[in-house]
Amino acid sequence: AALFHTNEIAFKETILKNLYANLSLEELAALCHLSTSSFKRKFREVFKESPKRYLNKKKIEKAAELLKSQELRISDIAYDVGFDSIATFNRNFTNFHQQSPSAYRLSYNEKS
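My aim in this report is to walk through the structure given alongside it, one point at a time. (Residues numbered from 1 in each chain as written. Predicted model: local features only at pLDDT ≥ 70, side-chain atom pairs only at ≥ 80, totals over all residues. Heavy atoms only, no water.)

**Overview of the side chain of N56**
Moving on, step 1. When you line up the elements, N56 lands in helix α4 (residues 51–67).
Moving on, step 2. Side chain to side chain, N56 and N92 meet in a polar contact 3.2 Å long.
Moving on, step 3. Those residues within four positions of N56 in sequence are excluded, and the remaining contacts are F83 and N92. (Helix = DSSP H or I, 4+ residues; strand = E, 2+ residues; numbered from the N terminus. Polar contact = N/O pair within 3.5 Å; in protein donor to acceptor, adjacent residues only side chain to side chain. Contact = heavy atoms within 4.5 Å.)

In structure tokens form, the structure reads like this:
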């Protein structure tokens, strides 16, 4: 049981250290020394949701925090949190927050 717990901690650390890197599931699986299918299975056991959903959610949460600052351009934020294109970032952000990144920033700054 202790061995499994140690492996789970190492698994979580690997994921969290690479959360905002623009890595494919295959690359994350390789970093964890697992096949893609084993990685997906283990990921769901540990994080209770699919890798894609979890990673996107975490990236969008980080982007939302960064959008509260006027200093960073939206395109820079998209790349900083690990999206490979601004279009993908905009689509994912809008799906999660029901508004575009620029609208989110504007509404946040109006409240402040």
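**So, the packing of aromatic side chains**
Moving on, step 1. Under the defined criterion, the tally for this structure stands at 10 aromatic pairs.
Moving on, step 2. Relative to Y54, the ring of F43 lies with its centre 5.5 Å away and its plane at 70°, an arrangement referred to as edge-to-face. With F43 in helix α3 (residues 36–47) and Y54 in helix α4, the pair connects residues that are 11 residues apart, well separated along the chain. With respect to burial, F43 and Y54 carry one shared label: buried.
Moving on, step 3. Among the aromatic residues, those joined into a cluster by ring pairs are F11, F39, F43, F47 and Y54.
Moving on, step 4. Here K59 stacks its cationic end above the ring of F83, 5.5 Å away from the centre of that ring.
Moving on, step 5. Lying across the ring of Y20, K62 places its NZ or CZ 5.9 Å from the centre. (Phe/Tyr/Trp six-rings, centres within 6.5 Å; stacked < 30°, edge-to-face > 60°. Buried < 20%, exposed > 50% of the residue type's maximum accessible area, 1.4 Å probe, protein only. Lys NZ or Arg CZ within 6 Å of the ring centre and 35° of its normal.)

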